[in-house]
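Here's the letter readout for the chains.
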Amino acid sequence: MENGTSTWSEAFRRVAPLAMGYLPVGVAFGVLAQKAGLSDLNVVLMSLLVYAGSAQLIAVGMFAAGMPPLTIVVTTFVVNLRHLLMSAALAPYAKSWRLREMAAFSFELTDETFAVHSTRFNDGDVRKPLSFRINMLAHCVWTLASWGGALAGSTIPDVKPLGMDFALPAMFIALLAMQAKNGLHWLVAGFSGLVAVVLMQAGLDQWSVIAATVLGATLGTGVETWTRR
Amino acid sequence: MDQTIVFMTIAGMCAVTYVPRALPMLALASRSMPAIVIRWLSFIPTAVLSALLLPSLVLQEGAVSVSHNEFFWAAIPAFVLAVLTRSFFGTVALGMAVVAGTRFFLM
């Protein structure tokens, strides 16, 4: 099955639901980035090179607020640390891959493609060509949607009447609903969210996300370990 | 805005995003981790998403504000739809529509 045949139409079918989610968020990113003062080329390059919706939208907000580049890069690092887990979770399925195949595959590992691949791999569909086709199509959709947004940006006077500034929170809501598998996950979600709110109110903006994440994951591990005994 | 500085920032973002994506797969493809580490890591996506999300729903200019906060109210139907359908597109479209509608009719 590893190198079994696959077709582009099969990849299209797998990517369709994900692409429908990427479209509005990608367009919103392009519009907001254009409004923040990024050139069309840099909008497309960010989608090609960074390819992480939430970090890109956060970075655009920071560019608009005139934050220093180093702060933007560090924030991106913290926000995208969660991919460590996704990469680790898919590692067992990549045992027989070449190093450069792993390197190429993980460049296009996002919250959304992770959801598609972990479902496929769990079902026993580990076809390598299909994995790469899915990744390439999803990356194309994301990049083209951002480019379209950047081009449309100058004709849209204000994104607020369209609710586009809610695209990112809405995407987080969808991702959270997919990640939270049981009551303990919802407890961790509620706890981490509240800690982040409290820390932000205390003025600790820089550390709120990473501190709330570490505390939340530790609480979840503690409760799970304790209830299993 | 200086587009060269923007591009340098993008290059930095690319590097710090790629390393956590690639390193675990490259390092762990042939090894296994302690169970407690895997358990801890399994809560990271939930915890980080919520830590990013909740402040954006309840804070306005650094203070908790709910009654006149369209993000908070739009999040409720978006959550219900997300849990019921697990649809990215539906959740994003509904959330944006509720925010747009609230601003059009109530503000």
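Residues numbered from 1 in each chain as written. Chains lettered and ligands numbered in written order. Predicted model: local features only at pLDDT ≥ 70, side-chain atom pairs only at ≥ 80, totals over all residues. Heavy atoms only, no water.

Chemist: Hey, could you run me through the overall build of chain A in this one?
Modeler: Across its full length, chain A holds 11 helices and 0 strands. For chain A, the sequential pattern of α-helices and β-strands runs α-α-α-α-α-α-α-α-α-α-α. A compact globule built from 229 residues would reach a C-alpha radius of gyration of about 17 Å, and chain A, at 19 Å, matches this within 12%. By principal-axis analysis of the C-alpha atoms, chain A measures approximately 50 × 50 × 30 Å. Looking at chain A as a whole, 55% of its 229 residues qualify as buried. Considering only contacts within chain A whose residues lie at least 6 apart along the sequence, 76% involve residues at least 24 apart. When the accessible area of chain A is evaluated, it comes to approximately 9,600 Å², of which 69% is carbon and sulfur surface. The centroid of the 15 positive side-chain charges in chain A is displaced by 7 Å from the centroid of its 13 negative side-chain charges. (Helix = DSSP H or I, 4+ residues; strand = E, 2+ residues; numbered from the N terminus. Rg over C-alpha atoms; globule rule 2.2 N^0.38 Å. Buried < 20%, exposed > 50% of the residue type's maximum accessible area, 1.4 Å probe, protein only. Contact = heavy atoms within 4.5 Å. Areas by Shrake-Rupley, 256 points an atom, 1.4 Å probe, with all protein chains shown as cover. Lys, Arg positive; Asp, Glu negative; His and termini not counted. Charge placed at Lys NZ, Arg CZ, Asp CG, Glu CD.)

Chemist: Looking at this structure, how should I read the UniProt feature "transmembrane region" (unreviewed entry) in chain B?
Modeler: Taking the UniProt record as the reference, the feature "transmembrane region" (unreviewed entry) is found at residues 6-28, 40-59 and 71-100 of chain B. Secondary structure across residues 6-28 of chain B divides into 100% helix and 0% strand, with the first and last C-alpha atoms of the span separated by 34 Å. (UniProt positions renumbered as here; feature names shortened; annotations may be inferred.)

Chemist: Would you take a moment to explain the pattern of salt bridges for this structure?
Modeler: Counting across every chain of the model gives 9 salt bridges over all chains. Its salt-bridge partner being Arg 98 of chain A, residue Glu 101 of chain A comes within 3.4 Å of it at the nearest N-O pair. Since its relative accessible area comes to 14%, Glu 101 of chain A is described here as buried. In this structure, the salt-bridge partner of Glu 70 of chain B is Arg 103 of chain B, at a minimum N-O distance of 2.7 Å. A residue pair is termed long-range when its members are at least 10 positions apart, and Glu 70 of chain B in helix α4 (residues 70-85) and Arg 103 of chain B in helix α5 (residues 88-106) qualify at 33 residues. Salt bridges sharing partners connect three or more residues here, namely Glu 10, Arg 120, Asp 125 and Arg 127 of chain A. (Salt bridge = Lys/Arg side-chain N within 4 Å of Asp/Glu carboxyl O.)

Chemist: Would you mind showing me how to read the interface of chain B and chain A here?
Modeler: How large an interface is tends to be reported as the accessible area lost when its parts come together. Contacts between the two partners involve 65 residues from chain B and, on the opposite side, 91 residues from chain A. Contact with chain A buries surface across chain B, with Arg 21, Met 25 and Phe 88 of chain B losing the most and accounting together for 12% of the total. Seen at the junction of chain B and chain A, the total is 2 salt bridges. For Asp 165 of chain A, the salt bridge is made with Arg 103 of chain B, and the minimal N-O distance between the two is 2.9 Å. Here chain B and chain A share 17 residue pairs in polar contact (both at pLDDT 80 or more) between them. Those elements that provide at least two residues to the side of chain B that touches chain A are α1 (3-28), α2 (35-42), α3 (44-58), β2 (63-64), α4 and α5 of chain B. (Buried area = accessible area lost by both parts, 1.4 Å probe. Polar contact = N/O pair within 3.5 Å; in protein donor to acceptor, adjacent residues only side chain to side chain.)

Chemist: Explain the domain arrangement of chain B here, please?
Modeler: Entries for chain B in the domain assignment read domain 1 (1-31) and domain 2 (34-106). The C-alpha centroid of domain 2 of chain B is placed 26 Å from the C-alpha centroid of domain 1 of chain B. (Domains from an automatic or database assignment.)

Chemist: Would you mind showing me how to read the environment of Gly 66 of chain A here?
Modeler: All names here are of chain A. Residue position: Gly 66 is located in the loop between α3 (53-64) and α4 (69-80). Relative accessible area serves as the criterion here: at 60%, Gly 66 is assigned to the exposed category. Along the primary structure Gly 66 and Ala 196 are separated by 130 residues, whereas in three dimensions their C-alpha atoms are 23 Å apart.

Chemist: Help me out: how do you make sense of the environment of Leu 23 of chain A in this one?
Modeler: Its location among the elements puts Leu 23 of chain A in helix α1 (residues 8-36). For Leu 23 of chain A, the contacting residues outside a window of four places in its chain are Val 141 and Ala 145 of chain A.

Chemist: Just to check I follow, could you spell out the packing of aromatic side chains for this structure?
Modeler: Aromatic ring pairs: the centre-centre distance and the angle between the two ring planes describe each pair. Across all of its chains, the model carries 12 aromatic pairs over all chains by this definition. Centre to centre, the rings of Phe 72 of chain B and Trp 73 of chain B are 5.1 Å apart; their planes meet at 85 degrees, and the pair counts as edge-to-face. What makes Trp 73 of chain B partly exposed here is its relative accessible area of 45%. For the pair Phe 104 of chain B and Phe 105 of chain B, a centre-to-centre distance of 5.0 Å together with 90 degrees between the ring planes defines the contact as edge-to-face. The pair Phe 104 of chain B / Phe 105 of chain B is uniform in exposure class, with both members exposed. Members of the aromatic cluster, each reached through a chain of ring pairs, are Tyr 22, Phe 29, Tyr 51 and Trp 142 of chain A. (Phe/Tyr/Trp six-rings, centres within 6.5 Å; stacked < 30°, edge-to-face > 60°.)

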